[in-house]
Amino acid sequence: MVRDSKPIYLRLRKDLTRSIKRGHAWLYSDAVELVRADSGSVAILIDRKEEPIAVGIYDPAHPIPLRICRTTLPLKLDDNWLGTQLQRALDLRRMVFDLHRTNGYRLVAGEGDGLPGLIIDIYDRVAVMKLDGGAPEAFYLPSGIAQWLEKHLRIECVVLRTRERGRGGEAILGTAPAAPVPFLENGLLFTADVLHGQKTGFFLDQRDNRGLLESLSHGRSVLNLFSFNGGFSIAAGQGGASQVTSVDIAAPAIEAANIHWELNGLPPNHTGHASDCFEFLEGALSNKQLWDIVVCDPPSFAPNEKSRERAMAAYAKLAQLSARVTRRDGLLALASCSSHVDAATFTQVNCEGLARARRRATLLCERGLPLDHPTPLAMPELRYLKFQLFRLD
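Colleague: Mind showing me how you'd approach the nonpolar core here?
Modeller: The nonpolar side chains of a soluble globular protein tend to be buried with one another. Counting 37 residues, the largest nonpolar core has Ile-120, Tyr-140 and Leu-149 as the members making the most contacts within it. Ignoring anything within four residues of it in the chain, the contact list for Leu-149 reads Leu-107, Ile-120, Ala-127, Arg-154, Ile-155 and Val-158.

Colleague: Where do I start with the sheet that holds strand β5 (residues 66-70) in this structure?
Modeller: The strands that make up a sheet are held in pairs by hydrogen bonds between backbone atoms, and each pair lies either parallel or antiparallel. As summarised here, the arrangement of the five strands in space is β1-β3-β4-β5-β2, forming an open sheet in which the pairing is mixed. The sheet terminates laterally at β1 (8-11) and β2 (26-27), the two strands that pair on one side only. Pairing between β1 and strand β3 (residues 41-46): four bridges, direction parallel. The residue of β3 that forms the bridge with Ile-8 is Ala-43.

Colleague: Looking at this structure, how should I read helix α9 (residues 308-324)?
Modeller: Side chains of residues three or four places apart in an α-helix project in the same direction, reflecting 3.6 residues per turn. For α9, which comprises 17 residues, the first-to-last C-alpha distance of 25 Å matches the rise-based estimate of 24 Å (1.5 Å per residue) to within 8%. Within α9, 12 of the 17 residues are buried, which leaves it mostly tucked inside the rest of the structure. Of the positions making up α9, those classed as buried are Arg-308, Ala-311, Met-312, Ala-314, Tyr-315, Ala-316, Leu-318, Ala-319, Gln-320, Leu-321, Ser-322 and Ala-323.

Colleague: What am I meant to see in the pattern of salt bridges here?
Modeller: Side-chain pairing between opposite charges can occur once the charged atoms of the two side chains come close. In the structure shown here, the tally under the stated rule is 13 salt bridges. With its nearest N and O atoms 3.8 Å apart, the salt bridge here joins Arg-67 to Asp-132. Of the two residues, Arg-67 is situated in strand β5 and Asp-132 in the loop between β8 (126-131) and α3 (134-139); the sequence distance between them amounts to 65 residues. Glu-305 is the partner of Arg-308 in a salt bridge, and the nearest nitrogen-oxygen pair spans 4.0 Å. Residue Arg-308 is classed as buried on the basis of its relative accessible area of 19%. The exposure class of Glu-305 is partly exposed, given its relative accessible area of 49%.

Colleague: When you look at the sheet that holds strand β17 (residues 326-336) in this model, what are you seeing that I'm missing?
Modeller: In spatial order, the strands read β15-β14-β13-β16-β17-β19-β18; together these seven strands make up an open sheet with mixed pairing. Either end of the sheet is taken by a strand with one partner, and the two such strands are β15 (270-274) and β18 (361-367). The mean inter-strand angle of the sheet, taken between neighbouring strand axes irrespective of direction, is 15 degrees. Relative to β15, strand β14 (residues 243-248) runs parallel, the two sharing five bridges. Each residue of the ladder has a partner; that of Thr-245, found in β15, is Thr-271. The sheet strands contacting helix α10 (residues 343-356) are β17, β18 and β19 (386-392), and the helix crosses β19 at an angle near 30 degrees.

Colleague: I'm lost on the packing of helix α8 (residues 277-286) against α9 in this one. Help?
Modeller: In a pair of packed helices, the angle between the axes and the distance between the axes together describe the arrangement. One can describe the packing of α8 onto α9 by two numbers: an axis separation of 10 Å at closest approach and a directional angle of 30 degrees. Overall, the two elements α8 and α9 adopt an arrangement that is roughly parallel. α8 and α9 meet at a crossing whose hand is left-handed. Note on element contacts: α9 touches α8 through Ala-314, Lys-317, Leu-318, Leu-321, Ser-322 and Arg-324, opposite Phe-278, Leu-281, Glu-282 and Leu-285. Among the residues making up the contact of α8 with α9, the classes are represented as six nonpolar, one polar and three charged.

Rules of the game
- Residues numbered from 1 in each chain as written.
- Predicted model: local features only at pLDDT ≥ 70, side-chain atom pairs only at ≥ 80, totals over all residues.
- Heavy atoms only, no water.
- Core = buried A, V, L, I, M, F, W, Y, C linked by side-chain atoms within 4.5 Å.
- Buried < 20%, exposed > 50% of the residue type's maximum accessible area, 1.4 Å probe, protein only.
- Contact = heavy atoms within 4.5 Å.
- Pairing = 2+ DSSP bridges.
- Helix = DSSP H or I, 4+ residues; strand = E, 2+ residues; numbered from the N terminus.
- Expected span 1.5 Å × (residues − 1).
- Salt bridge = Lys/Arg side-chain N within 4 Å of Asp/Glu carboxyl O.
- Axes fitted to C-alpha atoms, helices over the stretch in contact; angles between N-to-C directions.
- Parallel < 35°, antiparallel > 145°, perpendicular 65-115°, else oblique.
- Left-handed = near helix turned anticlockwise from the far one by under 90°.
- Nonpolar A, V, L, I, M, F, W, Y, C, P; charged D, E, K, R; others polar.

Next up, the structure:
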């Protein structure tokens, strides 16, 4: 399941032993003495006292040349180690989920499960695997991991997704599905386009927040902005919303939302708009349209640090416009999946946007990633998801 090679040795240049022992899994180029070695090599890290303190996977060409996998003896990365980590990840998910109601979940969340660079999402009997970067691609052996999944989860198909833009996934075990794969989330039926869809085919990280919306929607009108394939919309419909409006710039996303609505046998009170969300909100304001609940879950506005300032302006603008179409005593949910905008900054820009809308807000709850997206305590930078629910006066 992993590459079998003789380990290399790296020396630590900075006093980061405590951080590493606490669970921070990334070492940047200035923290280690780089050596020539193949990407994906197993590297044992030596501190300034010449003592081995950790083992990880190495890529000298990457900004993060060493990803720590293990800090306890034996400092060895082999199939037994990987099998143990996979079983621990599976045990956690079996503790978290009632598989009769939710069989779409993240099985492996990279560093959070002690497996840097490895993502595995499960959609019923189909698994989707992603490897993040050259070192993980060279170190992990997808075919071996696929066999483990087949044995321990009765997976019938494993799809490998690559980082190459525009390239679809390929089946490395079983037959590639000819259509989007059906799965359950909180008892609702959805589908995931595991070959060509965004991420691994669905945004699993908002599952708990969709469940929250379901519990709040009875008898209320709901506007779902950046709806993608309708996750929040279907949850609102199941919760008894009086009317649900989905808005996404991609027409196929609206089509998928309509399909999911019908799959769940919901009443005909859903409307989809293939529109730019900013333009839709401006139009709604002109027409004096208001909703009881507004959900705004945009794609990442800050894919890198350079785009951070522009992203903050976009989030503030969305908070302002979304607040202006929310009824008095209505609920406004604002979310961000941009890792370069931290929780404190997101709160700040939301405050600014709400102030521009001249709305006073009460924060009802603030949420992050669900239980199947664990992160090391020492790595707050991995906790990318922010979700804030407000009641507006």
